[in-house]
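Analysis of the macromolecular model
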Amino acid sequence: IYGTCYVPTVFPTYQAFGNWAHTMRKAYIKFRGGKPSVLTTYRFEALDAQGFIWVEQEHLSWRERFLQLVEFQKQFGHCNVSQTHGYKALAHWVSYQRA
């Protein structure tokens, strides 16, 4: 949670933030479907650039992310995960582990 862009819907410490994240996720479904939404292209791009988790199931356990990193290292020969090329969530996780 802290140091990542994963905001759970149930977030006792900051429930208003959890509610907002839930609203953004619901708006994302409409946005993705081409329906009117409070989520504009600008807002989507801004949140997505920060690694906002759009689908809560995308939040993987530490071990699952670690295994992704192992596979990444096998494929590329290093653990310097870039936020580009489809590895945004893994890059955020690696950054958080280094902090």
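What counts and how
Residues numbered from 1 in each chain as written. Predicted model: local features only at pLDDT ≥ 70, side-chain atom pairs only at ≥ 80, totals over all residues. Heavy atoms only, no water. Axes fitted to C-alpha atoms, helices over the stretch in contact; angles between N-to-C directions. Helix = DSSP H or I, 4+ residues; strand = E, 2+ residues; numbered from the N terminus. Parallel < 35°, antiparallel > 145°, perpendicular 65-115°, else oblique. Left-handed = near helix turned anticlockwise from the far one by under 90°. Contact = heavy atoms within 4.5 Å. Nonpolar A, V, L, I, M, F, W, Y, C, P; charged D, E, K, R; others polar. Patch = residues over 30% accessible without salt bridge, like charges linked within 9 Å, V, L, I, M, F, W, Y side chains within 5 Å. Areas by Shrake-Rupley, 256 points an atom, 1.4 Å probe, with all protein chains shown as cover. Salt bridge = Lys/Arg side-chain N within 4 Å of Asp/Glu carboxyl O. Buried < 20%, exposed > 50% of the residue type's maximum accessible area, 1.4 Å probe, protein only. Expected span 1.5 Å × (residues − 1). Arc of directions from axis to C-beta. Polar contact = N/O pair within 3.5 Å; in protein donor to acceptor, adjacent residues only side chain to side chain.

Contact geometry for helix 1 (residues 15–32) and helix 2 (residues 41–49): axes closest at 12 Å, N-to-C directions at 120°. As far as their axial angle goes, helix 2 and helix 1 are oblique. The handedness of the crossing between helix 1 and helix 2 comes out as left-handed. Only Thr-41, Phe-44 and Leu-47 of helix 2 make contact with helix 1, whose side of the interface consists of Trp-20, Met-24, Tyr-28 and Phe-31.

We now examine the packing of helix 3 (residues 62–76) against helix 4 (residues 88–98). At a minimum axis distance of 10 Å, the contact between helix 3 and helix 4 shows a crossing angle of 105°. It follows from the interaxial angle that helix 3 and helix 4 lie roughly perpendicular. In this structure, helix 3 contributes Trp-62, Arg-65, Phe-66, Gln-68, Leu-69 and Phe-72 to the contact, and helix 4 contributes Ala-89, Leu-90, Trp-93, Val-94 and Gln-97. Of the residues in the contact of helix 3 with helix 4, the class split is eight nonpolar, two polar and one charged.

Now for a nonpolar patch on the surface. Side chains of Tyr-14, Phe-17 and Trp-20 sit close together on the surface and give an oily, nonpolar patch of about 310 Å² of accessible area. Its place among the elements puts Phe-17 in helix 1. Overall, Phe-17 belongs to the partly exposed group, its relative accessible area being 39%.

Moving on, we get to helix 3. Along its 15 residues, helix 3 runs 21 Å from first to last C-alpha, staying within 8% of the 21 Å computed at 1.5 Å per residue. All of the buried residues in helix 3 are Arg-65, Leu-69 and Phe-72. The buried residues of helix 3 occupy one face: seen down the axis, they fall within an arc of 60°. The exposed residues of helix 3 that point more than 90 degrees off its buried face are Arg-63 and Lys-74. Against the buried residues of helix 3 lie helix 4. After helix 3 finishes, the residue Gly-77 shows a positive phi value of roughly 80°.

Our focus in this paragraph is the pattern of salt bridges. Taken as a whole and assessed by the stated rule, the structure comprises one salt bridge. For the salt bridge of Glu-71 with Lys-74, the shortest nitrogen-to-oxygen distance reads 3.6 Å. With a gap of three residues between them, Glu-71 and Lys-74 both fall in helix 3, about one helical turn apart. With relative accessibility at 46%, the residue Glu-71 sits in the partly exposed group. On the basis of relative accessibility, which here comes to 60%, the residue Lys-74 falls in the exposed class.

So, about the side chain of Arg-25. In this structure, Arg-25 sits in helix 1. Assessed through its relative accessible area of 6%, Arg-25 is described here as buried. At 2.9 Å, the side chain of Arg-25 forms a polar contact with the backbone oxygen of Ile-53.

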